[in-house]
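Fold and geometry: a report
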Amino acid sequence: MVFSFRFFVILFLFFSETLVFGQRENNDLKQTKDTNQNDTLKINELLKSAWGNRRNNPVKSLDDSYLALQLSKKAQNNVKAIESLSYIGVVLRTAEFYDEAIVYFEDILKIAVNLNLSKEIGFAHINMGYTFLLQKKYAQAEKHLKKAASIADSTKNINLQDYSFSYLIKMYYETKRFEEALIWSKKALKPKEKTQNSIRLGVLYESYGDIYTETSNFSKALFNYKKALEIMKNDTFEFYRTTHKIARLFYKQNLTDSAVLYAETVHNRINKLNSSGFKAIDYMNLSIEVSYLLINIYNEMEEFEKIVFYQENILLQKDKIINNKTTNEVIRANMHSRLQEEKNKNFKLEIENQNRERLIEKRRIYETASLLAIVVFAIFTFIFFKEKQKLKENNKILLKQSQELKEVSKTKDKLFTIIAHDLKNPFHALLGFVEIIRESIENDDKEILKNSIDYLAKTVSAGYTLLENLLFWSQTQKGDIQYKPGYFDVKTLLTNTLDLVSTSARQKKITFNTHLAQQNQVFADKNMVQTILRNLITNAIKFSHQKSSITIITEEDENWLKITISDKGLGISEHDTEKIFQVTKNVPTHGTLGEKGTGLGLPLCKEFVEKNKGKIGVNSKVDVGSDFWFTLPLINTQISF
């Protein structure tokens, strides 16, 4: 494969231009990143100011929150961006911009879900649930608050538990599901105690009091209201609200003196406060409620001067509410204007971001094109070398096949030699012995007759063994022998094999010594193992001297049974031990009494041992003897067949 010089030049110029463009873009991004780091220092200060002004100066709080959000986005600080969005939503909710607040809480939920931030997901659901609760949209409120409670339980986050449980209590109380409200109140007690927030813990006991009041259990209600007062700070709105509830409770029980004491305490304290902002209306409404309670009490006591006093207070508070609402409407108008400005600014930012995204996309296209060019070049190079490698591999395969064909040819020649010569010899011997036997019968020469029959039996056995080995070998080469493994005892098979070769052993006065392991069960093909044993033991007899012994040993070797057949015969040279298992190698095979062999037995043994997942080998020394061994898998081995 040839690549032109022009192709390389074009590729180099294209890649160089891409690098220059990418470097220029990287410098722009680095400069932007440095600016973002400087802006990040202002975020915490802005958020602190926003939270502090959320009730008394909501417009300022909104401005600070928007600026913090803008800087958070520049600094790519997702956590602070979520916090800024949360402050915006809370301020809008306080000013009763409920729909707008929901939009910001939904934005928080999307970001938190993308980043898998469990705590932020939980608080987004809490804020949405509480906003729906303020709108009396109870079904939507319950859905979000229960999701938040579930996240709180799974994450064991105390603050999530505190807020989600508290708003669920409020929702169930407002919908008059008092039993469920009581269940959640009990569940909320532990997390509230852990937060160590006296106001929130006091509000919980106040909720207990509200539930018991509605269910007419006044003693428990009074106990929990008083418990709330002990915990709360005495200059908070929640403290005054709970004190007013105690006064009402005493009034319901006709405990007039106690009711007056608690009611006038609340009236005197809240009228001295100089509250402003959206929270101020809550104090004014509470003052009106206390005044109505005191009017009812003094009406029963016929103290008309005090009745007039509290009626005047009601009128005064209503005037204040009107004035405060007017002020709040101005604030709301300013906030609405600020919202519109922010929407316009967001629209412009969106256009800028789109332009920036286009620029980034352009850079990505250049980088992708460059990478693609490199990949294409690499692919061409890979294909070239792959083809070269493939050609080399094909040459190796052809060489191997050529060698295998040579081996097959040698094997074929060997088999033809055996068939033409070695298989013919036993039949010549048979014919001669038959003639001798006939003459011995005619001459009544019993000794010659007996010897002839012994030699005849030996010749027939040798011929049969040769014929059987030839048959097995040809079947293995064609793949006709089926491997049928099963469990059997080698000891039994060994005994049968020794019986078969006993005649040959007696003629040379050879004895057998066996040392067998306790566990001789194997998982193998029984017929193959019988052929292995017969060939190895027959070979041992053939190469052993007269009046010598053959030792057969079986021993466990981890998951294998090792079988060793040792003789004290002629032995094999180190050079020949490398050839005896190959059918194509000619190794002299004459026994101690001139017995001939074909060279097929040991290659056949090797084939059969390997089919049974085992190994075969020999340790031998000339004029000392040979140890032939092979292994078979035991019954307890975990080998996949």
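Rules and cut-offs
- Residues numbered from 1 in each chain as written.
- Predicted model: local features only at pLDDT ≥ 70, side-chain atom pairs only at ≥ 80, totals over all residues.
- Heavy atoms only, no water.
- Helix = DSSP H or I, 4+ residues; strand = E, 2+ residues; numbered from the N terminus.
- Buried < 20%, exposed > 50% of the residue type's maximum accessible area, 1.4 Å probe, protein only.
- Pairing = 2+ DSSP bridges.
- Axes fitted to C-alpha atoms, helices over the stretch in contact; angles between N-to-C directions.
- Contact = heavy atoms within 4.5 Å.
- Parallel < 35°, antiparallel > 145°, perpendicular 65-115°, else oblique.
- Left-handed = near helix turned anticlockwise from the far one by under 90°.
- Nonpolar A, V, L, I, M, F, W, Y, C, P; charged D, E, K, R; others polar.
- Core = buried A, V, L, I, M, F, W, Y, C linked by side-chain atoms within 4.5 Å.
- Phe/Tyr/Trp six-rings, centres within 6.5 Å; stacked < 30°, edge-to-face > 60°.
- Lys NZ or Arg CZ within 6 Å of the ring centre and 35° of its normal.
- Salt bridge = Lys/Arg side-chain N within 4 Å of Asp/Glu carboxyl O.

**Quick look at the overall build of the protein chain**
Counting its regular elements, the protein chain contains 21 helices and seven strands. Taking all 641 residues of the protein chain together, the buried fraction comes to 40%.

**Overview of the environment of Lys 325**
Mapped onto the secondary structure, Lys 325 falls in helix α14 (residues 304–422). For the pair formed by Lys 325 and Ile 281, sequence separation is 44 residues and the distance between their alpha carbons is 8.1 Å.

**Digging into the sheet that holds strand β2 (residues 511–515)**
Ordered by their spatial adjacency, five strands build an open sheet running β2-β4-β5-β7-β6, and the pairing between neighbours is mixed. Two strands close off the open sheet at either side, each with one partner strand: β2 and β6 (616–621). Mean inter-strand twist for the sheet, computed between neighbouring axes without regard to direction, equals 15°. Of the strands in this sheet, β2, β4 (549–557), β5 (560–567) and β7 (625–633) touch helix α19 (residues 526–543), which is tilted by about 25° from β5.

**A look at the packing of helix α4 (residues 98–115) against helix α5 (residues 118–134)**
At a minimum axis separation of 8 Å, α4 and α5 run at an interaxial angle of 165°. Considering the angle they form, α4 stands roughly antiparallel to α5. In this structure, α4 meets α5 at a crossing whose hand is left-handed. Every residue of α5 that contacts α4 at Tyr 98, Ile 102, Phe 105, Glu 106, Ile 108, Leu 109, Ala 112 and Val 113 is listed here: Glu 120, Ile 121, Ala 124, His 125, Asn 127, Met 128, Thr 131, Phe 132 and Leu 134. Of the residues assigned to the contact of α4 with α5, the class counts are twelve nonpolar, three polar and two charged.

**As for the environment of Ala 112**
Structurally, Ala 112 is set in helix α4. Ala 112 sits 33 residues away from Val 79 along the chain, and the two C-alpha atoms are 8.8 Å apart. With residues near it in sequence (within four places) discarded, Ala 112 still touches Ile 82, Leu 117, Glu 120 and Ile 121.

**Some points on the pairing of β6**
In this sheet, β7 lies alongside β6 in antiparallel orientation, the contact comprising six bridges. Note on β7: the bridge partner recorded for Lys 621 is Gly 625. Counting the residues that bridge the hairpin from β6 to β7 gives three residues, and of these Asp 623 lies at a positive phi of roughly 70°.

**Here we look at the side chain of Thr 564**
With respect to the helices and strands, the residue Thr 564 is situated in strand β5. Once you skip the residues sitting within four places of it in the chain, Thr 564 turns out to touch Thr 551, Ile 552, Ile 553, Glu 555, Asp 627, Phe 628 and Trp 629.

**Observations concerning the nonpolar core**
Leu 92 and Met 335 are the most contacted members of the largest nonpolar core, which has 86 residues in total. Excluding its chain neighbours within four sequence positions, the residues that come into contact with Leu 92 are Leu 62, Phe 97, Glu 100, Ala 101, Tyr 104, Met 335 and Leu 339. Formed by 38 residues, the second largest nonpolar core is a distinct cluster that contains Ala 505, Val 529, Leu 602 and Val 618.

**Some details on the packing of aromatic side chains**
Counting across every chain of the model gives 16 aromatic pairs. Seen in terms of ring centroids, Tyr 130 and Tyr 167 are 4.2 Å apart; in terms of plane orientation they differ by 10°. Their pairing is stacked. Note that Tyr 130 is positioned in helix α5 and Tyr 167 in helix α7 (residues 158–174), a separation of 37 residues in sequence. Across the pair, Tyr 167 and Tyr 130 agree in class, each one buried. Here Phe 165 and Trp 184 contribute two aromatic rings whose centre-to-centre distance is 5.2 Å and whose plane-to-plane angle is 55°, an arrangement assigned as tilted. Taken together, the residues span a long stretch of sequence, with Phe 165 in helix α7 and Trp 184 in helix α8 (residues 178–195) at a distance of 19 residues. Overall, the relative accessible area of 1% leaves Phe 165 in the buried class. In textbook terms, an aromatic cluster arises when at least three aromatic residues are bridged by ring pairs, as seen for Phe 123, Tyr 130, Tyr 163 and Tyr 167. We note Lys 227 situated over the ring of Tyr 205; from NZ or CZ to the ring centre the distance is 5.8 Å.

**What about the packing of helix α3 (residues 78–94) against α5?**
With their axes 11 Å apart at the nearest point, α3 and α5 run at an angle of 10° to one another. Considering the angle they form, α3 stands roughly parallel to α5. Across the interface between the two elements, Ile 82, Ser 86, Val 90 and Arg 93 from α3 touch Glu 120, Asn 127, Tyr 130, Thr 131 and Leu 134 from α5. Split by residue class, the contact of α3 with α5 holds four nonpolar, three polar and two charged.

**Regarding unusual backbone geometry**
Here the phi dihedral of Lys 136 falls at roughly 65°; this positive angle occurs in a residue that is not glycine. Position of Lys 136 relative to the elements: it lies in the loop between α5 and α6 (138–155). The phi dihedral of Ser 216 is positive, around 65°, even though this residue is not glycine. Among the structural elements, Ser 216 can be located in the loop between α9 (198–214) and α10 (218–231).

**Focus: the pattern of salt bridges**
Counting across every chain of the model gives 14 salt bridges. Note that Asp 64 is salt-bridged to Lys 60, the shortest N-O span being 2.9 Å. In this pair, Asp 64 and Lys 60 are both assigned in helix α2 (residues 58–74), four residues apart and thus about one turn of the helix distant. A residue is classified by how much of its surface remains accessible, and Asp 64, at 7% relative accessible area, is buried. Its relative accessible area of 36% is what places Lys 60 among the partly exposed residues. In this structure, the salt-bridge partner of Lys 146 is Glu 142, at a minimum N-O distance of 3.6 Å. Taken together, the residues span about one helical turn, with Lys 146 and Glu 142 both in helix α6 at a distance of four residues. Assessed through its relative accessible area of 39%, Lys 146 is described here as partly exposed. Taken together, the salt bridges that share partners define one network made up of Glu 142, Lys 146, Arg 177 and Glu 180.

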